[in-house]
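Next come the chains, spelled out residue by residue.
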Amino acid sequence: MKHKTKNSLLKDLKESIPGYLLVLPTIATLIIFLYIPFFNAFRISLYKYKGYGALTKFIGLDNYVTVLKDKHFYEAFLHTFELIGCDLVISIIIGFLLAYVMFRGIRFKRFFNTSLFIPYLISMVVVGCIWKILYDPTIGPLNQLLKAVGLESLAQAWLSQKSTSLPSIIITWIWRTIPFNMLICYANIMNLSKDYLEAADIDGANQWQKLRYIIIPHMKPTFMTLAILTVTNDLRAFDLIWVMTKGGPGGASDVMTSYVYSKAFVSQQFGAATSASIIMMVVMIGLTVLLQVAKGRRGGGENA
Amino acid sequence: MKKRILTLMLGLTMTVSAMAGCSSSADSTEAAPAEEKAGNTQETAAKENISADKVTADAGGEKASIRVLSAMQIVDEEMMQEFMDANPDITVEFEYVDSGNYSAKFAALASANELPDVFWTQTGYYCDQIKEGLLMDLSDAMASNSYEGDKAWKDTFIPNLLTNFENIALSGCGEMESYDYGVPFTMTTVAVMYDKKIYDDLGLSEPETWDAFMDNCKAVKDAGYTPLTVQSNVCADWIPRLLWDQYCRDEIEVQGLSFADKGMTFEAESVKKGLSQFKEMWDEGYLAENYFTADIDTTAQMFLQGELAQVLIAPDKISYIMDNAPETMELATFALPGAAGLPSRSLGGSSNIFAVSADTKEPEAAVRFLKYLTSRTNFETAETLKYSNSGLEGVDKGEELNQILAGYAKAADGGFCPDVFVPTNASTEISSQFRDDLLPNYLLGDISLEDVCSRLQEMYDSYLEDL
């Protein structure tokens, strides 16, 4: 019996060899481009390092302590989630409403469809440069407009004040992401079978009822997909923020990526920057696990 | 069976291709040290050993190729072409990176052992780069003939500029055998540029004292202009440094107190006075609202659109304003008066530096390029250097330009505040934290003066420990 098991194990192994050979390149790629850099990064996080020269000053976990004591680190975290939260709520809702308006049909539909999508075609860096000028307190059209219509008291240094710099960036960010959400929503509303709407018409349902009981339920999976895309996209937010404020003034608009970047490449504190990115990675993994667990429980409950 | 063989072959092919890709990169990394060794031997031997993409044969023999990285807009492709035309045996591969992104670019290049042969650097970076052994010692080259060949290269510079330059390395790295790890490029001075027409309309004149300067700021503010800003947010620390030059000069230069031996600290009253006076200027509304976020283009636009009355700017950054100023604008400059009534000194001096990488495979070509860059020939022919103070003996700009740039000449006459004075720019870490974090948070009322000073002292203590 034992002999038979050994033989079958050897046979299994033999049969698996082609499979292992097939995954070998992928594993090698992962090791070279992911795991080795990660362990190097972890090593750097234990040193005081300027980004060049040899790793000589070992300081243990001091970089982690420094980062965890830095209030800007927590602010950057908070700002990232503020950006995600606003983008999730505002951008998806507006995107959906615009898609719904298109779906209902308006005059010059094609024109609006194209023109509303234009912001998404512009590079993030260009968007940042344009909005930076728009927001400028002295030469910016926004303040000039406010002054022209008698709202001078509202004119301010949008990107240079702590209270307004992040909201100003979030508005720009949302302006840039709405077209994508609109397009996805529009494509999915168009997939909705006309039968449901005609049946609702026969039953005497009004527009609100059709929206509430037919269109929105139909769109729920799309909203979920957009939410996931929004979170993953916003976690990578960097270019717009860097162009507009470089995370300033005084860290008021720093997000996680700009915090790590400025620590590494502006202050040349590579050790601290690497430790910050590792902490962030741990938090992100934790969040993902939590989400998966929550999703699993919900799925289990529904199945039951 | 056939399927299994096919799978095996496919797997093997993919593995071999992946390994081939890796091995080629491994080959190149193994080749690098060999090249480095060659670079350290005699120059001729080095030329034989460098890779084919670095040296290409031309009709007259071997052609050296060097890479140049600059963060100064006044060094441009045209200048490279002029050099190549005059030196056909050298090819220059030029790259520009704006000063705001220089640190990132340099760190990436240095960590990849891909430093350019010749590169721009500045005080904070320069000392770090010397300490890390990234820069070539130029002592012998400095003693050799200049580009024009009429005297030693070292003797072409204005002596005060060279003294100022050597002091950077001395104060940042301590005593060394050589202080020639780079050369100063232009004599940087900072002065206030203003539109004379605004001054005339408001009945103002160039201020001789700090109080008069403050009165002017108030007058232009009351007239609806933004009174003052610096050329870009990267220079946000200029005004406090100029104020410290006034308030701390006695302690540092007369009493001989030093930050290095803690005879002087950031908690000193004079340091606090400089900072609190800067905050007063902010609170009075004398500084632009976008002081901490405006880049150089925004500042130039504010000035050209007649919204900004005065800008503290270096001469190598004025070309856009000078070339685009409307006819109604009459430009002039003045040296910023001393806040404590002491003779005014300028920031800068030799703050723009060009250096040669210690690992260059083409030392001779790199040095020849550097000699050209800092030559009279270059300053007399390059259009982009029209407004720059060369820092060289015997270069004249012409009467009209001298009149506009009088403020810079006066600022240079007053001498220079040592680059590392109140040492907020002793290292990149301290200078960036001070400029991007402490200063804006202090001015915007988020942290107290005491917090700024204690944080600076903490960072400086840590810097001293690392020395």
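Note that the structure is predicted; figures quoted are calculated from it, not measured. (Residues numbered from 1 in each chain as written. Chains lettered and ligands numbered in written order. Predicted model: local features only at pLDDT ≥ 70, side-chain atom pairs only at ≥ 80, totals over all residues.)

Peer 1: Just give me the short version of the overall build of chain A, but keep the residues and values in it.
Peer 2: Tallying secondary structure elements over chain A gives twelve helices and two strands in all. Each helix and strand of chain A, ordered N terminal to C terminal, gives the series α-β-β-α-α-α-α-α-α-α-α-α-α-α. Over its C-alpha trace chain A gives a radius of gyration of 26 Å, far above what one expects of a compact globule, namely 19 Å for 304 residues. Here chain A holds 304 residues, and the buried ones make up 33% of them. Long-range pairs, those at least 24 residues apart, make up 68% of the contacts in chain A with a sequence separation of at least 6. (Helix = DSSP H or I, 4+ residues; strand = E, 2+ residues; numbered from the N terminus. Rg over C-alpha atoms; globule rule 2.2 N^0.38 Å. Buried ≥ 20, exposed ≤ 12 C-beta atoms within 10 Å, placed from the backbone. Contact = placed C-beta atoms within 7 Å.)

Peer 1: Can you break down the overall build of chain B residue by residue, with the values?
Peer 2: Looking only at helices and strands, one finds 20 helices and ten strands in chain B. Counting contacts in chain B only where the partners sit at least 6 residues apart, residues at least 24 apart contribute 76% of the total.

Peer 1: Describe in detail the UniProt feature "domain: ABC transmembrane type-1" (unreviewed entry) in chain A, supporting the description with residues and values.
Peer 2: As annotated in UniProt, the feature "domain: ABC transmembrane type-1" (unreviewed entry) corresponds to residues 77-291 of chain A in the numbering used here. For the annotated span residues 77-291 of chain A, helix accounts for 78% and strand for 0% of the residues, and the straight-line distance between the end C-alpha atoms is 18 Å. (UniProt positions renumbered as here; feature names shortened; annotations may be inferred.)

Peer 1: How would you sum up the domain arrangement of chain A? Please name residues and give values.
Peer 2: Residue and element names in this part refer to chain A. Domain annotation of chain A identifies domain 1 (2-62) and domain 2 (68-303). Contacts between the two partners involve nine residues from domain 1 and, on the opposite side, seven residues from domain 2. Mapped by element, the contributors of at least two residues to the side of domain 1 that touches domain 2 are helix H1 (2-44) and strand E1 (47-48). No other element matches H1, which puts three residues into the side of domain 1 that touches domain 2. (Domains from an automatic or database assignment.)

Peer 1: Any details on the sheet that holds strand E7 (residues 226-230) of chain B? Residues and values, ideally.
Peer 2: All names here are of chain B. Pairing in this open sheet of four strands is mixed, and the strands run E7-E8-E6-E9 from one edge to the other. Each edge of the sheet is formed by a strand with only one pairing partner; in this case those strands are E7 and strand E9 (331-334). Direction aside, neighbouring strands of the sheet carry axes that sit 25° apart on average. Here strand E6 (residues 191-195) runs beside strand E8 (residues 308-313); their pairing, made up of four bridges, is antiparallel. Considered in E8, the bridge of Met-193 is made with Val-311. (Pairing = 2+ DSSP bridges. Axes fitted to C-alpha atoms, helices over the stretch in contact; angles between N-to-C directions.)

Peer 1: Give me the environment of B:Leu312: which residues, what numbers.
Peer 2: All names here are of chain B. With respect to the secondary-structure elements, Leu-312 resides in strand E8. Take Leu-312: there are 19 C-beta atoms within 10 Å of it, and that puts it in the partly exposed class. Ignoring any residue separated from it by four or fewer positions in sequence, one finds Leu-312 in contact with Val-190, Val-192, Leu-228, Val-230, Gln-231, Trp-238 and Leu-336.

Peer 1: Which residues make up unusual backbone geometry, and what values do they have?
Peer 2: For the bond running from A:Gly248 to A:Pro249, omega is -5°, close enough to zero to count as cis. Position of A:Pro249 among the secondary structure elements: in the loop between helix H10 (239-244) and helix H11 (256-266). A positive phi angle, near 55°, is found at A:Lys246, a position not held by glycine. Its identity is not glycine, yet B:Asn113 carries a phi of approximately 55°, on the positive side.

Peer 1: Now, about the interface of chain B and chain A: what can you tell me, with residues and values included?
Peer 2: Each partner contributes to the interface: chain B provides 38 residues, whereas chain A provides 30 residues. Mapped onto the side of chain B that touches chain A, the elements with two or more residues apiece are helix H1 (2-40), helix H4 (99-111), helix H13 (296-304) and helix H19 (428-443) of chain B. At nine residues, the largest contribution of residues to the side of chain B that touches chain A is made by H1(B). Broken down by class, the residue content of the side of chain B that touches chain A amounts to 14 nonpolar, 15 polar and nine charged. (Nonpolar A, V, L, I, M, F, W, Y, C, P; charged D, E, K, R; others polar.)

Peer 1: How would you summarise the packing of helix H3 (residues 71-104) of chain A against helix H9 (residues 207-235) of chain A if you had to cite specific residues and measurements?
Peer 2: Helix-helix packing is described using two parameters, namely the angle between the two axes and the distance between the axes. Residues and elements named next belong to chain A. For the pair H3 and H9, interaxial distance at closest approach is 10 Å and the crossing angle is 145°. For H3 against H9, the interelement crossing comes out right-handed. The segment H3 lies against H9, with Thr-80, Leu-83, Ile-84, Asp-87, Leu-88, Ser-91, Ile-92, Phe-96 and Tyr-100 engaging Leu-211, Ile-215, Met-219, Phe-223, Leu-226, Ala-227, Thr-230, Val-231, Asp-234 and Leu-235. Across the contact of H3 with H9, the residue classes break down as 14 nonpolar, three polar and two charged. (Left-handed = near helix turned anticlockwise from the far one by under 90°.)

Peer 1: So what's going on with the nonpolar core? Which residues, and what values?
Peer 2: Among the nonpolar cores identified, the biggest contains 173 residues, and B:Ile66, B:Val118, B:Ala191, B:Phe354, B:Val356, B:Phe369 and B:Leu370 are the most heavily contacted of them. Contacts of B:Phe369, omitting those with residues within four sequence positions, involve B:Ile66, B:Val68, B:Phe83, B:Ile90, B:Val92 and B:Val118. Core analysis: the second largest hydrophobic core is formed by 13 residues, A:Phe96, A:Ala99, A:Ile215 and A:Met219 among them. (Core = buried A, V, L, I, M, F, W, Y, C linked by C-beta atoms within 7 Å.)

Peer 1: Which residues make up the UniProt feature "transmembrane region" (unreviewed entry) in chain A, and what values do they have?
Peer 2: Residue and element names in this part refer to chain A. In this structure's numbering, the residues bearing the UniProt feature "transmembrane region" (unreviewed entry) are residues 20-39, 76-103, 115-135 and 270-291. As annotated, residues 20-39 comprises 100% helix and 0% strand, and the C-alpha atoms at either end are separated by 24 Å. With 90% helix and 0% strand, residues 115-135 has its two end C-alpha atoms placed 22 Å apart.

Peer 1: Account for the domain arrangement of chain B, naming residues and giving values.
Peer 2: Residue and element names in this part refer to chain B. Taken as a whole, chain B is organised into domain 1 (51-187 + 350-395) and domain 2 (191-345 + 405-466). The gap between the C-alpha centroids of domain 1 and domain 2 is 28 Å. Each partner contributes to the interface: domain 1 provides 21 residues, whereas domain 2 provides 18 residues. Secondary structure elements with two or more residues in the side of domain 1 that touches domain 2: H4, helix H5 (123-131) and helix H7 (159-173). Broken down by element, the residue count for the side of domain 1 that touches domain 2 peaks at five residues, all from H7. For the side of domain 1 that touches domain 2, the residue count by class is six nonpolar, 14 polar and one charged.

Peer 1: An account of the confidence of the model for chain B is needed here, citing residue identities and associated values.
Peer 2: Residues and elements named next belong to chain B. Of all residues in chain B, 87% attain a pLDDT of 70 or more, and the chain-wide mean is 84. Counting contacts from residues 14-59, a segment whose pLDDT is below 50, to residues more than four positions away or on other chains yields 41 contacts. On the interface metric, ipTM, the complex scores 0.81, and its pTM is 0.80. (pLDDT = per-residue confidence, 0-100.)

Peer 1: Tell me about H7(B), and name the residues and values.
Peer 2: All names here are of chain B. A rise of 1.5 Å per residue sets the reference length of H7, with its 15 residues, at 21 Å; its end C-alpha atoms lie 21 Å apart and thus fit the reference within 8%. Of the residues making up H7, those classed as buried are Leu-161, Leu-162, Asn-164, Phe-165, Ile-168, Ala-169 and Gly-172. Buried residues of H7 fall within an arc of 165° about the axis and therefore sit on the same side. Next to the buried residues of H7 lie H5 and strand E5 (183-184). (Expected span 1.5 Å × (residues − 1). Arc of directions from axis to C-beta.)

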